[in-house]
Structure formats: structure tokens, C-alpha cells
Amino acid sequence: MAQYQETIASSRPGQAFSSTTVGKGVFQVQSGFNFSGSQFESVDVTKTNGFDWGTIVRYGLAEKFELRTLFNVSRVGFKESDVSVSGLSNFGVGGKVNLLHPSASGPSVSLQADVSLPVSTGDFDNDEVTTNIYLTNSQSIGNAVSLSTNLGANVHDSRTIGLYVINLGFGLSDQFSAFVETYGFFNSDNFDILFDGGFAYLVNDHIQLDASVGYGKNDGFKQFFGDFGVSWRMKL
């Protein structure tokens, strides 16, 4: 019944978090670079471009429970004014517990919570606590297809926003895999829909490389990004 798997199970690429924990005594790092752009379609068109380096560090305290820490270093530029802001945009800690163990014929279900702390450097001002809570689920469909879903909430001050991800993964070979997904945010007044897809390459049992692209257009606001990264693990 060990969570530890023969090959690395990463939440990269894509927006969906995995429904498995890393396994007892496993130290895992997931890191990537994201290049993005956005455009507000209004009378005064505003365009931005961005860069983000995001990393999640996971450690398994038990087979079904892990601790997590995460941070993002970002830069956002505003094209019309030639102004940019940069610095540590997010720092958080959290944990994940596996509620339903994965099996060949059944789903895997986990509960995950991450808390962004009021820590910032540079131009970003992060003085409030934000909590993200997810119920994550994954299910195999045949030998080469998987369905993963995340349903959660972002709690910031007195405001709560719903979060969702629906991800289809495809095993192309022993080393290559691909995915497509839709994701977004919702509340009583709005429901955003975004899309992304990409590939992952398993270098060996403990190292994975990935690349993805994404796009969305909601309420006159267009977003797009390109992302690439690496995940690796070691047994301590």
C-alpha cells in the first residue's frame, strides 16, 4: 500500500495538482519558468508581459501525508507606460493528505491546503494571508488515459473564489506523455474558462522535463503563456 511509485509523479505540467503524495521519506522538487502576456480589450488597451519562476518543494512525512512549501519570483511589465514590477510575489506552506489510495481500477482522492504568507520582497506588497484548498481526484481510463480533477476555493480576506481544473492525460510511450485541460475561477457573478496543454518527458525514474502553453479570453481580457520546467526526487 505504499504511495512511493516506481517513477516520479509530479503535478507538472499543467494546472492540476496530483492526487497522490510523494511517499514517506521522499524529497521532491517541482520548478518551472513561465512567460506570459495579457491584454485588456477596452478603449485604452492595456498590455502586460510577465515572467515567473515558481517552485514547489514536497516532503513525505508518511506514506499518505506530505508537507509542502512554495514560492514565486515574478516580473510584470506594462507596455504602454514602460513600467515594470518585480520581486518575491508569493511564499507559502501547506500539506496534502491522501484520503483514498490509488489502485489499478479505482480513483485516488486527496485533500490539499496551501497558505500564502504575508512575505514579499521587491515591488510586490503581500500583507495578507491567502488560503487555497483543493479536493484532488484522479482516475485511470484504460491503459493510457487518465482523468484528473481539482475543485477548490481561494479564501482571501473576506472574499472566496472557486477554483476548478479538468485534466486529460495521455501516455504516448514509456517516456513521453501529453495532456490537455480546462481550468479557471468562478463565483456568483462570473465563470472564467481557460485552456492549456503540453508534454512531459521522463528522463529516468526520478527526473521529468516538461513544456506547455495556455490561452484564455474572458470578459474582454486575453491571457496566454508558455511554460517549461523540471521535477526531480530523492529518497532520504
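Draft legend 1. Region of interest: the overall build of the protein. Of the regular secondary structure elements, the protein holds zero helices and twelve strands. N-terminal to C-terminal, the α/β element order of the protein is β-β-β-β-β-β-β-β-β-β-β-β. The C-alpha radius of gyration computed for the protein amounts to 18 Å, which stays within 12% of the reference 18 Å derived for 236 residues, consistent with globular compactness. Its C-alpha atoms put the protein at 55 × 35 × 35 Å along the principal axes. In the protein, which comprises 236 residues, the share counted as buried stands at 40%. With the model as given, the accessible surface of the protein reaches about 12400 Å², and the carbon-plus-sulfur share is 62%. For the protein, the separation between the mean place of its 14 positive charges and that of its 23 negative charges on side chains is 6 Å.

Draft legend 2. Spatial organisation of the sheet that holds strand S2 (residues 46-62). Strand order around the closed barrel formed by twelve strands is S1-S2-S3-S4-S5-S6-S7-S8-S9-S10-S11-S12, with antiparallel pairing between neighbours. Put simply, the sheet's adjacent strands are angled 20° from each other on average, direction ignored.

Draft legend 3. The arrangement of empty space enclosed by the protein in detail. Inspection of every chain in the model, using the stated rule, returns one cavity of 30 Å³ or more. By volume, the largest cavity is sized at about 50 Å³. Taken together, eleven residues line the largest cavity, and the ones lying closest to its centre are Gln5, Ala9, Thr21, Val22 and Arg233. Of the residues contributing to the lining of the largest cavity, the split by class is three nonpolar, six polar and two charged.

Draft legend 4. Quick peek at a nonpolar patch on the surface. A cluster of nonpolar side chains, namely Val203, Ile207, Leu209, Val230, Trp232, Met234 and Leu236, defines an oily patch on the protein surface of about 560 Å² accessible area. For the nonpolar patch, the secondary-structure elements that each account for two or more residues are strand S11 (207-218) and strand S12 (221-235). Examining the composition of the nonpolar patch, we find that three residues originate from one element, S12, more than from any other. Structurally, Met234 is set in strand S12.

Draft legend 5. Representation of the pairing of strand S1 (residues 26-40) within the structure. Here 15 bridges tie S1 to S12, and the two strands are oriented antiparallel to one another. Directly across from Phe35, in S12, lies its bridge partner Gly226. As paired strands, S1 and S2 are joined by 14 bridges and run antiparallel to one another. The residue of S2 that forms the bridge with Phe35 is Phe51.

Draft legend 6. Structural context of the pairing of strand S9 (residues 176-186). For strand S8 (residues 159-171) and S9, the ladder comprises ten bridges, and the chain directions are antiparallel. When the sheet's bridge partners are listed, Gly162 is paired in S9 with Phe186. Linking S8 to S9, which pair antiparallel, is a turn of four residues. Two strands pair when backbone bridges link them, and S9 and strand S10 (residues 194-204) are joined in this way by eight bridges, in the antiparallel orientation. Bridge pairing in S10 places Ser177 opposite Ala200.

Conventions and cut-offs
All residue numbers refer to position in the chain's written sequence, counted from 1. Note on the predicted model: pLDDT of at least 70 is required for a residue's local features to be given, and 80 or more for side-chain atom pairs to be given and counted; whole-chain, interface and lining totals, by contrast, use all residues. Hydrogen atoms and water are omitted, and side-chain values are computed over all heavy atoms in the structure. A helix here means a DSSP run of H or I that spans at least four residues, while a strand means a run of E at least two residues long, and both kinds are numbered starting from the N terminus. The quantity called the radius of gyration is restricted to C-alpha atoms. Its globule counterpart is 2.2 Å times the number of residues to the power 0.38. Accessibility here uses a 1.4 Å probe with only protein chains present; expressed as a share of the type maximum, an area under 20% marks a residue as buried, one over 50% as exposed, and anything in between as partly exposed. What sets the accessible areas is the Shrake-Rupley method with a 1.4 Å probe; for residues, cover comes only from the shown protein chains. A residue counts as positive if it is Lys or Arg and as negative if it is Asp or Glu; His and the chain ends are not included. Taken as the charge location is NZ of Lys, CZ of Arg, CG of Asp or CD of Glu. Only strands joined by at least two bridges in the DSSP assignment are considered to pair. Working convention: axes come from line fits to C-alpha atoms, limited for helices to the stretch in contact. Angles between N-to-C directions cover 0 to 180 degrees. Here the term cavity refers to a set of points on a 1 Å grid, laid over the protein atoms alone, in which a 1.4 Å probe fits but cannot get out; the term pocket refers to an open set having protein on both sides within 12 Å along at least five of seven lines, with lining residues being those that place an atom within 4 Å of a point. Grid points are joined across faces, edges and corners, and a volume is the space filled by probe spheres set on the points. Each residue is assigned to one of three groups, with Ala, Val, Leu, Ile, Met, Phe, Trp, Tyr, Cys and Pro labelled nonpolar, Asp, Glu, Lys and Arg labelled charged, and all others, Gly among them, labelled polar. Residues form patches when they are more than 30% accessible in relative terms and have no salt bridge. Like charges link within 9 Å. Nonpolar side chains (Val, Leu, Ile, Met, Phe, Trp, Tyr) link within 5 Å. Criterion for a salt bridge: a side-chain nitrogen of Lys or Arg within 4 Å of a carboxyl oxygen of Asp or Glu.

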